[in-house]
Amino acid sequence: MKKQNYMSWETYFMSMGVLSSFRSKDRKTQTGACIVGTDNKIVGIGYNGLPVGLDDTDPKFWTDLDDSDVEHSKHTYVVHAERNAIYNAFGQNIKGSTMYATLFPCPNCAQTMVQCGIKRLVYLDVKQWHESGMRAVMTMFDGAGVKAERYRDLGATDEGAVDELLELKGRLYP
């Protein structure tokens, strides 16, 4: 197979999701997402971070304490990349769009995606300890007609570009 001299759409949009994750201040899990309209135009982009107005350099928002202490858990404050991409697409028509995400979404983000009319998800990785959450998301997606595909299974001949971005991220922002 002849190597192409340009980046495929799948790799381009997944690369935008990975690049967005570089902005996250979360030391444990940095995620990014990119929403693409039916015309291959980016309509929203986001990363996991704090709501507008909160100081994202303040360590009190980034504690990895037990989630039973709601006030001191980062999960109380952090807006996931998928939702941030949707919020950043405000005013754009995202019905029928595709979301490229660096991580398979949680059930709450999946609900939001379904409600907004996103019809395809391309994801890079899955948190293995979230198997029951993934099953719940797939139940929602199946019922709503959302197609979920792992990026690595798409057969993009240039997926090495995403690997190189992830490697760069690891070197620049360990």
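These numbers were taken from a predicted model, which means no experiment stands behind them. (Residues numbered from 1 in each chain as written. Predicted model: local features only at pLDDT ≥ 70, side-chain atom pairs only at ≥ 80, totals over all residues. Heavy atoms only, no water.)

Caption draft 1: Geometry of the packing of helix α1 (residues 9–21) against helix α6 (residues 160–172). Their axes nearest at 9 Å, the elements α1 and α6 cross at an angle of 10°. Between α1 and α6, the interaxial angle falls into the category roughly parallel. Contact residues: Thr11, Met14, Ser15, Val18, Leu19 and Ser21 in α1; Ala161, Val162, Leu165, Leu166 and Lys169 in α6. Its residues assigned to classes, the contact of α1 with α6 comprises seven nonpolar, three polar and one charged. (Axes fitted to C-alpha atoms, helices over the stretch in contact; angles between N-to-C directions. Helix = DSSP H or I, 4+ residues; strand = E, 2+ residues; numbered from the N terminus. Parallel < 35°, antiparallel > 145°, perpendicular 65-115°, else oblique. Contact = heavy atoms within 4.5 Å. Nonpolar A, V, L, I, M, F, W, Y, C, P; charged D, E, K, R; others polar.)

Caption draft 2: Spatial organisation of α6. Over its 13 residues, α6 extends 18 Å from the first C-alpha to the last, a length consistent with the 18 Å expected when each residue adds 1.5 Å. Here α6 has its buried residues at Val162, Leu165 and Lys169. Mapping the buried residues of α6 onto a view down its axis gives an arc of 55°, with all of them on the same face. Among the exposed residues of α6, those oriented more than 90 degrees off its buried face are Glu164, Glu167 and Arg171. Contacts from the buried residues of α6 go to α1 and β4 (120–125). (Expected span 1.5 Å × (residues − 1). Buried < 20%, exposed > 50% of the residue type's maximum accessible area, 1.4 Å probe, protein only. Arc of directions from axis to C-beta.)

Caption draft 3: Here's a closer look at the nonpolar core. Among the nonpolar cores identified, the biggest contains 20 residues, and Ile35, Met99 and Leu121 are the most heavily contacted of them. Those elements that provide at least two residues to this core are β1 (32–36), α3 (81–88), β3 (98–103), α4 (107–116), β4 and α5 (131–144). Membership of the second largest hydrophobic core comes to 13 residues, among which are Val18, Phe22, Tyr100 and Leu124. (Core = buried A, V, L, I, M, F, W, Y, C linked by side-chain atoms within 4.5 Å.)

Caption draft 4: How the structure looks around the packing of aromatic side chains. Taken as a whole and judged by the stated rule, the model has eight aromatic pairs. Centre to centre, the rings of Trp9 and Phe13 are 5.3 Å apart; their planes meet at 10°, and the pair counts as stacked. Taken together, the positions of Trp9 and Phe13, both in helix α1 and four residues apart, correspond to about one turn of that helix. On the basis of relative accessibility, which here comes to 1%, the residue Phe13 falls in the buried class. Feature note: the residues Trp9, Tyr12, Phe13 and Tyr100 constitute an aromatic cluster, connected by ring pairs. (Phe/Tyr/Trp six-rings, centres within 6.5 Å; stacked < 30°, edge-to-face > 60°.)

Caption draft 5: Broad picture of the packing of α4 against α5. With their axes 9 Å apart at the nearest point, α4 and α5 run at an angle of 10° to one another. With respect to their mutual orientation, α4 and α5 come out roughly parallel. Where α4 abuts α5, its residues Pro107, Ala110, Gln111, Met113 and Val114 lie against Gly133, Val137, Met140, Phe141 and Ala144. Its residues assigned to classes, the contact of α4 with α5 comprises eight nonpolar, two polar and no charged.

Caption draft 6: Representation of the environment of Phe141 in the model. Here Phe141 is to be found in helix α5. It is 8.8 Å that separates the C-alpha atoms of Phe141 and Gln111, two residues lying 30 residues apart in sequence. Ignoring any residue separated from it by four or fewer positions in sequence, one finds Phe141 in contact with Pro105, Ala110, Met113, Val114, Leu121, Val146 and Ala148.

Caption draft 7: Local environment of the sheet that holds strand β2 (residues 42–47). The five strands lie next to each other as β2-β1-β3-β4-β5, forming an open sheet whose pairing is mixed. Pairing within the sheet leaves two strands with one partner each, and these edge strands are β2 and β5 (147–150). On average, adjacent strands in this sheet sit at an angle of 15° to one another, irrespective of strand direction. Relative to β5, β4 is paired through four bridges, and the arrangement is parallel. Paired with Leu121 across the bridge in β5 is Ala148. Across the sheet, α3 touches β1, β2 and β3, and the angle it forms with β2 is around 140°. (Pairing = 2+ DSSP bridges.)

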